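Okay, here's what each chain looks like letter by letter:
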Amino acid sequence: MTDVGALDTELLDGSRWKQRGQLSVPAAMMSGMPSERLAHSPLVGRADEVTRLAAMVGISGVGRETGILVAGDAGVGKTRMLAELRDQAERAGWRVLLGHCLDFGDSALPYLPFTEIFGRLAARSAADAEALVSAHPAIARLMPSNRLLSDDQRPEGPRVERGDLFEAVRSAFTQLAADQPLLVLIEDVHWADQSTRDILSYLFARRFSGQVTVVASYRSDDLHRRHPLRAVVAEWSRLPGVARLPLQPLGDLQVRELVRALHPAPMPESRVTNIVQRAEGNAFFTEELVAASDLGTQSLPTDLADLLLVRLDQLDDTTRRVVRAAAVAGRRVPHALLAAVVGIDGGTLDRALRDAVEANVLVPTGSDGYGFRHALLAEAIYDDLLPGERVRLHAAYAAVLGSPDVDATAAELARHARLAHDLATATRASIQAGDEAMALAGPDEAAQHYELALELMADKGFAAKLNIDVIGLAIKASEAALAAGHVFRGLALVQAQLTALPPDAPPEQRARLLVAVAGAAILSDSNVDLLEVTTEALSLISAEATPLRARVLNVHARAHVDRNRDEDSVRWATEALELASALGLPAVVAEAATTLARVNERLGNPDASRQTLEQTIVDARAAGEVAAELRGMFNLGGLLYEQGKLEEALSVYDATCRRASETSRPWAPYGVDSRMMSGIVSYVAGDWDAACAIVDLTGESPPPLGEAVLDCVSMIVAAGRGDPRGLALLPALRAWWPRDGMTAILSAGAAIDLYGDSGDLAAANAVYDEVVATVSELWRLMAFQARIRLSALVLGDLAAAAATSVADERAALVARGDVLLANAVKSADKGRVRGQKRGPEGEAWVARVGAEHLRLRWLTGIDVPTESELVSAWECTVERFQEFGHVFEVARSQARLGAVLRAVGRPADAAATIEAARRTAERLDARPLLAELRALGGSAAGSGALAAEVHRQGETLTPREAEVLSLVAQGLSNRDIAGQLYISAKTVSVHVSNILAKLGASGRTEAAAVARRRGLLG
């Protein structure tokens, strides 16, 4: 809980204070006071301030002040920081006393925090309280029991002079500090009565003879020009021994940390960023917004709104009117615009604005405007307006903004006109605002404006009166949404317009929409039949050389690429390229050239493809066709990646990301895809920290799909490092599987590894089955290439399970493995049938899937491969991954090759291979792989040394028997040893019998003891 002042109304428990004469402290007197225990929510971003404050108090022994003033806005975290200070003081052996000032309006109770302090002291230790009253009788006047109205509890005796009371308090604090240092905390001094301010002035002006420090906190945003504490704080700050510690708002990163602490469960980055922006560094605001976010609402929580509106209630009627008008404008408003809207004379307006500024409601911005001190304050005031007030004020703004009297933007006019129900003005202004936003590379804002205009024109009669091209508007809205990264939204916009198109609409209108639908569908895994859509569009247009025909031919060619009809795609792309060149359509030229380059790549002509792409990128940039440029760059990166040129690919992907950001399209297709691929290439190259940094979304507001594809990379790294937090990402990513195949494949592969490494084979199998079914339906393709890798991962998990399986389970494991192998082979053959050349990554996974299947058969003893066949398969797998450059998969394959080499009696080769894998695993912090390597037991070289030593002593122990003996000495069973050495349990039993005979041992334990006695085991 953060600093909420008087809102903290937690009551003391129901027990009554111990009664002892006039020191009795009735619960009724204290029940309205805040709890003595300060709140303990996460302390974030205040470490430096707490350290400095502790040093000023003297807790750390650095120095000591008589008084310290802690200032900060409401909710900024003063109470939480004082709670941490209190804890530190108590741990250091200090006595801590706490008192609060409360907001009683005009009925302030004099010396209230000191009454609380001495009342709590009496409750904890009546003896200490009695000693204070005995030594300083004036203290009795501050006890809660002596401040009630009932006659039987009212003290009798002479009045206490102020000076005597002040000195009694000072002396009491000195007496309490005699045996241990004393820290006095006074909270919310902005609500202090005059008497409390006076006694604090007295205490601050006189140094204590003992170690006593008084810390007083107050809200700096409450100190308007006429606030009584304002001048007093200035006087206190000039006193020797009094220091002031202003508490600034938290930084964005600190607010983000607080959000994560308050909400440990995964939260979309867009929601986190929204909270950070709205909270403006205020810890209390952050807490309230996090709580509201869990409820799925953007509106302000009632408690927060009420707290903020207290400031409005303190203003006079005219000032409230001006502030409410300013809230309708938004966070900031120019003076001239506000003056025109409120319509009051200049002098009155100036006085109202001065009052609002002095009350810390408004702050001057620049030389000609005003803004709200907190954005949430503007929200609260706006939400508090009555519906009629809002409409009238928005209408006034729209009237002024539509006149030549003030400078205005189309976006401002559109907003006010819409909320004033002036739909015609709002529609035209929204379209203009969208055009301006696109011209300024603001696709997100443009999409919002265009969509608003479409919404306003849903009434066909109204739309007809405006004489606006609705189809053109829908296409612009779709293009803006795509550029902003909202691909499914962009597709839905033109699909909806296509559905609403009348049957008798001109063919050209339908063709325009079909082209837009196809263009959006190409960028997403939708259920749109691209070839059907583009074929219909082609049938609707004439054979004349028009820009529309060029665009139709272009998307028609891409539809054939999607169906792997390479010859047809070349034909249509070539025709589109020739027509677009003749008509001067650089975007279509670049698109068609990129399509031709893609087909050339697939047909095994990478050099020609690269040359075409590089020239296309140059031409597209020169023509200002950003979307075509990004597509060309992304495809160039993909070409290099497929060739295993990882360093070059990473350079191109990084350049594409930068270009997308420069053009305000970081989340557009190919922009965000390049960022994802940059992360993947870094992961493959073995730079996992760089991969995580690339996809780190801190401080960004990505669209949901953009966040999902980047989270996939984080999940892959988590899987490699065995971080179970990776599985926390799975539910959100799984929701995207039916809509985005890449997200499905990447996250499913990571999930298979995470489940497999944890021993949950059933879950790994279930993920595989689900993702294959989902992607096959989505892509209308059962034999997709990624299925090879997914099959290999599950086969690896099956082999790991086989090492410890019982006989009844092995047949089922092999049967499942056979199915996986068959599916992988079918996927591999599918590409070859189409004439596509497989790159080094594909070759590596094809080798891996075969090697894993052989390992599974070896470990189960079913259809066992020969030793040379098994070794050769794994050596080939290691070599293929080395050729591609996949650092982690090289190491993982080396680990399994090492295990095979040990099993076939090649200990020296095994040791070198295992050591190479271990070095990589340690560098990557790949904990599951390190565990797999540790499970291989002692080094293979050590087993060979043991065999040699036994032989020197006249025995005939073979290297394999020596290896088995080393594992017997570790307490492993025959089944465990079989799993370690890739042999059957029956074979292990034979080796153990031979070992016992050769060592002259009667059992396994004695054999181990004999080996140790001879110094053969460590």
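Residues numbered from 1 in each chain as written. Predicted model: local features only at pLDDT ≥ 70, side-chain atom pairs only at ≥ 80, totals over all residues. Heavy atoms only, no water.

Before going further, it helps to examine the overall build of the protein chain. A tally of regular secondary structure across the protein chain gives 49 helices and eight strands. If one aligns the C-alpha atoms of the protein chain with their principal axes, the spans along those axes are about 110 × 95 × 45 Å. With 1018 residues in all, the protein chain has 55% of them scored as buried. Put simply, of all contacts in the protein chain between residues at least 6 apart along the chain, 68% involve residues at least 24 apart. Element-wise, carbon and sulfur atoms account for 52% of the exposed surface of the protein chain, whose accessible area totals about 42600 Å². Here the protein chain contributes 106 positive and 131 negative side-chain charges, whose respective centroids are spaced 3 Å apart. (Helix = DSSP H or I, 4+ residues; strand = E, 2+ residues; numbered from the N terminus. Buried < 20%, exposed > 50% of the residue type's maximum accessible area, 1.4 Å probe, protein only. Contact = heavy atoms within 4.5 Å. Areas by Shrake-Rupley, 256 points an atom, 1.4 Å probe, with all protein chains shown as cover. Lys, Arg positive; Asp, Glu negative; His and termini not counted. Charge placed at Lys NZ, Arg CZ, Asp CG, Glu CD.)

Let us now look at helix H13 (residues 317–329). In this model, H13 (13 residues) spans 19 Å end to end at C-alpha, consistent with the 18 Å of a helix rising 1.5 Å per residue. Of the residues making up H13, those classed as buried are Thr319, Arg320, Val322, Val323, Ala325, Ala326, Ala327 and Val328. Measuring from the side-chain oxygen of the N-cap residue of H13 to the backbone nitrogen of Thr318 gives 3.1 Å; that N-cap residue is Asp316. Backbone geometry just downstream of H13 places Gly330 in the positive-phi region, at approximately 120°. (Expected span 1.5 Å × (residues − 1). Polar contact = N/O pair within 3.5 Å; in protein donor to acceptor, adjacent residues only side chain to side chain.)

A separate point is the sheet that holds strand S8 (residues 369–372). Across the sheet, which stays open at both edges, the three strands sit in the order S6-S8-S7 with antiparallel pairing between neighbours. If you trace the sheet from one side to the other, it starts and ends with strand S6 (332–334) and strand S7 (362–365), each paired once. Strand-to-strand, the axes of this sheet are offset by a mean angle of 30°, without reference to chain direction. Relative to S8, S7 runs antiparallel, the two being bridged by four bridges. Paired with Val363 across the bridge in S8 is Gly371. Packing against the sheet, helix H15 (residues 346–358) makes contact with S7 and S8, and its axis sits at approximately 110° to S7. (Pairing = 2+ DSSP bridges. Axes fitted to C-alpha atoms, helices over the stretch in contact; angles between N-to-C directions.)

Quick look at the packing of helix H22 (residues 470–483) against helix H24 (residues 507–522) now. At their nearest, the axes of H22 and H24 sit 10 Å apart, and the two run at 10° to each other. Put simply, H22 runs roughly parallel to H24. Every residue of H24 that contacts H22 at Ile471, Gly472, Ile475, Ser478 and Leu482 is listed here: Gln509, Arg512, Leu513, Ala516 and Ala520. Grouping the amino acids of the contact of H22 with H24 by side-chain chemistry returns six nonpolar, three polar and one charged. (Parallel < 35°, antiparallel > 145°, perpendicular 65-115°, else oblique. Nonpolar A, V, L, I, M, F, W, Y, C, P; charged D, E, K, R; others polar.)

With that out of the way, let us pick up the sheet that holds strand S2 (residues 95–100). Ordered in space as S2-S3-S4-S1-S5, the five strands form an open sheet in which the pairing is parallel. Of all the strands in the sheet, the pair left with one neighbour each is S2 and strand S5 (242–246). Geometrically, the sheet is characterised by an average inter-axis angle of 15° between neighbouring strands, direction not taken into account. As defined by bridge partners, strand S1 (residues 67–72) adjoins S5 across five bridges and the pair is classed as parallel. Each residue of the ladder has a partner; that of Val70, found in S5, is Leu245. Seen against the sheet, helix H8 (residues 228–237) touches S1, strand S4 (212–219) and S5 and runs at an angle of roughly 120° to S5.

Before going further, it helps to examine the pattern of salt bridges. Inspection of every chain in the model, using the stated rule, returns 53 salt bridges. For Asp221, the salt bridge goes to Arg311, with nearest N and O atoms at 2.4 Å. On the criterion of sequence distance, the pair formed by Asp221 in the loop between S4 and H8 and Arg311 in helix H12 (residues 302–313) is long-range, its members being 90 residues apart. Neither residue differs from the other here; Asp221 and Arg311 are each classed as buried. Note that Glu451 is salt-bridged to Arg489, the shortest N-O span being 2.3 Å. With Glu451 in helix H20 (residues 443–456) and Arg489 in helix H23 (residues 487–500), this pair connects stretches of sequence that are 38 residues apart. Residues joined in a network through salt bridges with shared partners are Asp753, Arg848, Glu852, Arg855, Glu889, Arg892, Arg896 and Glu932. (Salt bridge = Lys/Arg side-chain N within 4 Å of Asp/Glu carboxyl O.)

In this section: the packing of aromatic side chains. In the structure shown here, the tally under the stated rule is 14 aromatic pairs. Taking the centre distance of 6.5 Å and the plane angle of 55° together, the rings of Phe284 and Phe285 count as tilted. Judged by centre distance (5.2 Å) and plane angle (15°), the ring pair of Tyr683 and Trp688 falls under stacked. Judged by its relative accessible area of 9%, Tyr683 is buried. Each residue in the set Tyr111, Phe166 and Tyr202 is aromatic and connected to the rest through ring pairs, giving one cluster. The ring of Tyr382 has Arg390 sitting right over it, with the charged end atom 5.0 Å from the ring centre. If you follow Arg739 out to its NZ or CZ, it ends over the ring of Phe488, 4.0 Å from the centre. (Phe/Tyr/Trp six-rings, centres within 6.5 Å; stacked < 30°, edge-to-face > 60°. Lys NZ or Arg CZ within 6 Å of the ring centre and 35° of its normal.)

So, about the side chain of His136. Of note, His136 is situated in the loop between helix H5 (126–135) and helix H6 (162–176). By relative accessible area, which is 16% here, His136 ends up buried. When residues no more than four places from it in sequence are discounted, the contact partners of His136 are Ala168, Ser171, Ala172 and Gln175.

On the surface, Asp303, Asp306, Asp313, Asp383 and Asp384 cluster together to form a negatively charged patch. Within the residue set of the negative patch, elements represented by two or more residues are H12 and helix H16 (375–384). Mapping Asp303 onto the fold places it in helix H12. (Patch = residues over 30% accessible without salt bridge, like charges linked within 9 Å, V, L, I, M, F, W, Y side chains within 5 Å.)

Once that is clear, we can look at H23. Its 14 residues give H23 an end-to-end C-alpha distance of 20 Å, which sits within 8% of 20 Å, the value for a rise of 1.5 Å per residue. Among the residues of H23, those classed as buried are Val487, Phe488, Gly490, Leu491, Leu493, Val494, Gln497 and Leu498.

Moving on: the confidence of the model for the protein chain. If pLDDT is low for a region, its predicted coordinates should not be looked at in detail. In the predicted model, the protein chain carries a mean pLDDT of 86, and 90% of its residues have values of at least 70. Scored below 50 in pLDDT, residues 1–33 shows 88 contacts in the model against residues more than four places distant or in partner chains. This stretch, residues 149–155, has a pLDDT under 50; its non-local contacts, to residues over four places away or in other chains, come to eight contacts. (pLDDT = per-residue confidence, 0-100.)

Attention now goes to the packing of helix H17 (residues 387–401) against helix H18 (residues 410–419). Their axes nearest at 8 Å, the elements H17 and H18 cross at an angle of 140°. The hand of the H17/H18 crossing is left-handed. Contacts between H17 and H18 involve Val391, His394, Tyr397, Ala398 and Leu401 on the former and, on the latter, Glu412, Leu413, Arg415, His416, Ala417 and Leu419. Its residues assigned to classes, the contact of H17 with H18 shows seven nonpolar, two polar and two charged. (Left-handed = near helix turned anticlockwise from the far one by under 90°.)

As a further point, take the environment of Met438. With respect to the element layout, Met438 can be found in helix H19 (residues 423–439). Accessibility expressed as a relative area gives 29% for Met438, which makes it partly exposed. For Met438, the contacting residues outside a window of four places in its chain are Pro443, Ala446, Tyr450, Ala480 and Arg665.

What follows is about the environment of Glu662. As for its position among the elements, Glu662 is in helix H31 (residues 646–662). A residue is classified by how much of its surface remains accessible, and Glu662, at 57% relative accessible area, is exposed. Sequence separation between Glu662 and Ala441 is 221 residues, and the spatial gap between their C-alpha atoms is 9.2 Å.

Within the chain, Asn564 stands out as a residue other than glycine whose phi angle is a positive 65°. By the element assignment, Asn564 lies in the loop between helix H26 (547–562) and helix H27 (566–583). Residue Asn564 is classed as partly exposed on the basis of its relative accessible area, which comes to 24%. Non-glycine residue Ser664 carries a positive phi angle of around 60°.

Moving on to the environment of Leu393. Positionally, Leu393 belongs in helix H17. Exposure remark for Leu393: the relative accessible area of 19% places this residue in the buried category. Not counting the four nearest positions on each side in its chain, Leu393 is found in contact with Arg324, Ala325, Val328, Val341 and Leu385.

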